[in-house]
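Residue-level structure breakdown
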Amino acid sequence: MGSYYKNLSLWAFFYPMIQQKKYDNPIWSNPWGYRESFFIVSGLLLSGFALEWASGGTGVPEFTNLSLNIAAGLLVIFIFTAGIFFRKQVFILWLSGIPAAISAVTGITFMALLMGLTMQHDGSAPGWVVQLGLSHVTSSWPYLLTSVYLLVVLGIAAAKRIIPFSTKNIGYILNHLGLWIVIFSATFGATKVERLEMKVKEGEIEWQAFDKKNDVWVEMPFAIRLNDFVLEQYAPKLGIVDNITGMILHENGKNVMLVDSVASGNMLGWDIRLLTYLEQSGKAGEAYYLNNETGAAPAVKAEAISENKSDTVVGWVSCGSFNHSYEALKINDQLSLIMFYPEPKKFLSKIDILTPEGETTAVELEVNKPAKVKGWEIYQVGYDDQLGRWSDTSVIEFVRDPWLPFVYTGIFMMIAGAMTLFWSGRNNTPTDL
Amino acid sequence: MTWINFPTYALLTILGWTIGMLMNAIGKSNLVKQLGIALVIAGQLVLTLFLLKLWMILDRPPMRTLGETRLWYSFFLPIIGLITYQRWKYQWFLVYSLLLACLFLGFNLAYPENYSKTLMPALQSPWFVPHVIVYIFSYALLAASSLVAIKGLVFHYFKGRESGHQTLALADNLVFIGFAFLTLGLLFGALWAKEAWGHYWTWDPKETWAFLTWIVYLVYIHIRYQHGQKELWALWILGLAFVVLLVCWFGVNYLPSAANSVHVYTRD
């Protein structure tokens, strides 16, 4: 082994890998190992970046349905033929082996790392970032090439374990085929995903939705009538703001108090006592009173006492609304007490789905509780932020993803696979490795 | 406010853990060792009580902020340490996991959070609890495996001893179970994302880093299958994997690419 000094360096990590191959066969002679695999994945990445650069950073063009289906079909045929009929071929042996797998995973990891470090779809990205595809990794050439390489490697490896079938390989098949199905369907299904947005007003019926991606209005095969939009809010929070800079001095949430059952708190050395809390209020002169008309904002009468008890300030604080101005309580030259807009607790739309056949289905649409109709999933996404709880508009999204059942099949296979991994742990070595 | 008496609970827990750990490590007689374990379990129960109480007071699962996930981490590490100790008799491992758990509790003591009751609608889902619990449990297992790796590397480079099969066998057990849970956490997240945002995977920076974490452990497992004898590779990959995991857990909050992520623990 090398010297102590050498051992301390990072070299020690790579040394065994290189050493292992040092006196073996020359590169590109069969059977291929790690060197060849990493050459190939680097080649794929380089060609990908070159293609992307040459295309001016526009990314992979959108394929037509036909060419996409042909590509997907060819890929599946290639994987099955290779994995079942040519599995003993030296090239296919390499393609379904661990060195190729590790190189493919490394390639994808590299692309994911780039994605993890670069802001995606950032309009202000520098030109070279865009031209290399780094601002839109998932639709870039190097990502596509490494994904296809991974699909081929993973697919052949899985095919080899499926035929001939052995119960010993069930865990392996669930994990590998499951992952393959997920990646395959997510990749080829990506262009088929439709996402449309609809804004609908209370009491009105709407059947057109907007497709942001293609910038067109789409007529839905059903209409939506919004009967009622409901927004429930938490009690508002109080905070302290710097009078000069206007910055909120929240110190990671420490100087924020929820106007709840709590009657007092301490922020930046000031004791804050809540004297009166009006959930909805109006203002007459200097004072606030209970009022529930549209746009009535919450208000709090608070007392702020300084640390040495020498200063006491009493006054009203309100976050205001689209209809009322806000009010801050100045507690000294530097600081003021303010109220934040209440956070939404829950919002939902009571809608009727009307079909041309004359059917009416009543649905309560809520975040995390989508509805389904005619192959579309319907989501509650938003409302008129300006009006907040008085919003009479609901923003609804329609999603259609024809490949979703395949993705789910893959996901549930992987969940089952994770269970087998958990039960059998390290001992579950598949055959034929 | 609702931060209430966390210091009392935390100090009692740390006290139970450290005294129990010392009794178990130093004690000569079997009785003292067993009493030590009992004290560790008592400390664990105090923390459990606190978590339950917090959950009830907040009226929401206490899993929203970084500090809250640290609490769960401190909760799971000793459990893993105790099970590993009972099953494989690794004393040092129990000590390490308890120290790490104390460290995380201490961190929460030094930087107390103001627990907020508010929970954004997107997080109000039956998926919230399983998603976070499965993930943090997996993180705790994988952290434990990296402790094993660090021990192995230190032995290799500074004590001139080979890390030995035993060390890696323990790491393997932890990684395999941890990876199974990591996979579940990732997939639960995907299923939840479909319910909440209409798509199962959007390459949100947290998702990207979760994917990276998953894949590095995937590489470890494959290297172990194929090159079981290359123990140094395995140790290094395990160390590297934990760095990626930490970026995913904490680091994402500070990455410019994550400015718009829904997973950046709320800062209000």
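Residues numbered from 1 in each chain as written. Chains lettered and ligands numbered in written order. Predicted model: local features only at pLDDT ≥ 70, side-chain atom pairs only at ≥ 80, totals over all residues. Heavy atoms only, no water.

Per the secondary structure count, chain B includes 8 helices and 0 strands. Listed by position from the N terminus, the elements making up chain B come as α-α-α-α-α-α-α-α. Based on the C-alpha atoms only, the size of chain B along its principal axes is roughly 55 × 45 × 30 Å. Long-range contacts, defined here as pairs at least 24 residues apart, represent 77% of the contacts in chain B between residues at least 6 apart. As displayed, chain B has an accessible area near 10400 Å², and 72% of this comes from carbon and sulfur atoms. (Helix = DSSP H or I, 4+ residues; strand = E, 2+ residues; numbered from the N terminus. Contact = heavy atoms within 4.5 Å. Areas by Shrake-Rupley, 256 points an atom, 1.4 Å probe, with all protein chains shown as cover.)

Take the domain arrangement of chain A next. The extent of an interface is frequently quoted as the accessible surface area lost upon association of the parts. Split by domain assignment, chain A resolves into domain 1 (22-163), domain 2 (194-232 + 345-400) and domain 3 (235-342). Taken over C-alpha atoms, the centre of domain 1 of chain A sits 57 Å from the centre of domain 3 of chain A. (Domains from an automatic or database assignment.)

Let's shift gears to the pattern of salt bridges. Residue and element names in this part refer to chain A. Summed over all chains, the structure comprises 12 salt bridges over all chains. Two residues, Glu397 and Arg195, come together in a salt bridge whose shortest N-O distance is 3.1 Å. One end of the pair, Glu397, is in strand β17 (residues 393-400); the other, Arg195, is in strand β1 (residues 194-201), and 202 residues separate them in sequence. For Arg195, a relative accessible area of 30% gives the class partly exposed. A salt bridge links Glu366 to Lys369; its shortest N-O distance comes to 3.6 Å. With relative accessibility at 14%, the residue Glu366 sits in the buried group. Of the residues examined, Lys369 reaches a relative accessible area of 49% and is grouped as partly exposed. (Salt bridge = Lys/Arg side-chain N within 4 Å of Asp/Glu carboxyl O. Buried < 20%, exposed > 50% of the residue type's maximum accessible area, 1.4 Å probe, protein only.)

So, on to the packing of aromatic side chains. Applying the stated criterion across every chain yields a total of 38 aromatic pairs over all chains. A ring pair is formed by B:Tyr9 and B:Phe50, whose centres lie 5.3 Å apart and whose planes are at 45°; its orientation type is tilted. Remark: B:Phe50 occurs in helix α2 (residues 30-58) and B:Tyr9 occurs in helix α1 (residues 6-26); sequence separation between them is 41 residues. For the pair shown, B:Tyr9 and B:Phe50 are each scored as buried. These aromatic residues form a ring-pair network of at least three members: B:Trp55, B:Trp72, B:Phe75, B:Phe76, B:Phe137 and B:Phe181. The positively charged end of A:Arg161 is found above the aromatic ring belonging to A:Tyr172, 4.2 Å away from the centroid. (Phe/Tyr/Trp six-rings, centres within 6.5 Å; stacked < 30°, edge-to-face > 60°. Lys NZ or Arg CZ within 6 Å of the ring centre and 35° of its normal.)

Here we take up the nonpolar core. Residues B:Tyr73, B:Phe93, B:Tyr139, B:Tyr217 and B:Tyr220 are the most contacted members of the largest nonpolar core, which totals 153 residues. No other element matches helix α6 (residues 164-197) of chain B, which puts 18 residues into this core. (Core = buried A, V, L, I, M, F, W, Y, C linked by side-chain atoms within 4.5 Å.)

A word on the pairing of strand β13 (residues 344-354) of chain A. Each regular strand carries side chains that alternate between the two faces of the sheet. Residue and element names in this part refer to chain A. With 10 bridges joining them, strand β3 (residues 216-233) and β13 adopt antiparallel strand pairing. Across the sheet, the residue bridging to Asp228 is Lys350, located in β13. Here 7 bridges tie β13 to strand β14 (residues 360-366), and the two strands are oriented antiparallel to one another. Bridging across to β14, Leu354 finds its partner in Thr360. The antiparallel pairing of β13 with β14 creates a hairpin that spans 5 residues between the two strands, and Gly358 there sits at a positive phi of about 95°. (Pairing = 2+ DSSP bridges.)

Our focus in this paragraph is unusual backbone geometry. All names here are of chain A. Of note, the bond from Ile163 into Pro164 is cis; its omega dihedral lies within 30 degrees of zero at 0°. Following the sequence through the fold, Pro164 ends up in the loop between α8 (141-162) and α9 (170-189). Here the phi dihedral of His121 falls at roughly 50°; this positive angle occurs in a residue that is not glycine. As for its placement among the helices and strands, His121 is situated in the loop between α6 (98-117) and α7 (127-131). For His121, a relative accessible area of 63% gives the class exposed.

Residues and elements named next belong to chain A. Mapped onto the elements of the fold, Ser306 is located in the loop between β9 (297-305) and β10 (312-318). Overall, the relative accessible area of 7% leaves Ser306 in the buried class. A distance of 3.0 Å separates a polar atom in the side chain of Ser306 from a polar atom in the side chain of Asn308. Those residues within four positions of Ser306 in sequence are excluded, and the remaining contacts are Gly269, Trp270 and Asp311. (Polar contact = N/O pair within 3.5 Å; in protein donor to acceptor, adjacent residues only side chain to side chain.)

On to the sheet that holds strand β4 (residues 237-242) of chain A, then. All names here are of chain A. Pairing is antiparallel in the open sheet, where 4 strands are placed in the order β5-β4-β12-β11. The open sheet terminates on both sides in strands that have one partner only, identified here as β5 (256-258) and β11 (329-330). Sheet topology note: the β4/strand β12 (residues 335-339) ladder contains 5 bridges and is antiparallel. Within the sheet, the bridge partner assigned to Ile240 lies in β12 and is Leu337.

Turning our attention to the pairing of strand β16 (residues 376-383) of chain A. All names here are of chain A. The element β16 is extensively covered by neighbouring structure, given that 7 of its 8 residues are classed as buried. Here strand β15 (residues 371-373) pairs with β16 via 3 bridges, running antiparallel. Of the residues in β16, the one forming a bridge with Ala371 is Ile378. Between the antiparallel neighbours β15 and β16 lie 2 residues, among them Lys374 with a positive phi of about 50°.

With that settled, consider a nonpolar patch on the surface. Residue and element names in this part refer to chain A. Judged by side-chain polarity, Ile27, Trp28 and Phe39 come together as a nonpolar surface patch covering roughly 300 Å² of accessible area. Within the secondary structure, Trp28 sits in the loop between α2 (11-21) and α3 (34-54). The exposure class assigned to Trp28 is partly exposed, which follows from its relative accessible area of 42%. (Patch = residues over 30% accessible without salt bridge, like charges linked within 9 Å, V, L, I, M, F, W, Y side chains within 5 Å.)

Moving on, we come to the packing of helix α3 (residues 66-88) of chain B against helix α4 (residues 91-110) of chain B. Residues and elements named next belong to chain B. Where α3 contacts α4, the axes come no closer than 8 Å and their chain directions differ by 165°. The pairing of α3 with α4 is recorded here as roughly antiparallel in orientation. Read as a crossing pair, α3 and α4 show a hand that is left-handed. Contact residues: α3 offers Gly67, Arg70, Leu71, Tyr73, Ser74, Leu77, Pro78, Ile80, Gly81, Leu82, Thr84 and Tyr85, while α4 offers Gln91, Phe93, Leu94, Ser97, Leu98, Leu100, Ala101, Phe104, Leu105, Phe107 and Asn108. A per-class count over the contact of α3 with α4 returns 15 nonpolar, 7 polar and 1 charged. (Axes fitted to C-alpha atoms, helices over the stretch in contact; angles between N-to-C directions. Parallel < 35°, antiparallel > 145°, perpendicular 65-115°, else oblique. Left-handed = near helix turned anticlockwise from the far one by under 90°. Nonpolar A, V, L, I, M, F, W, Y, C, P; charged D, E, K, R; others polar.)

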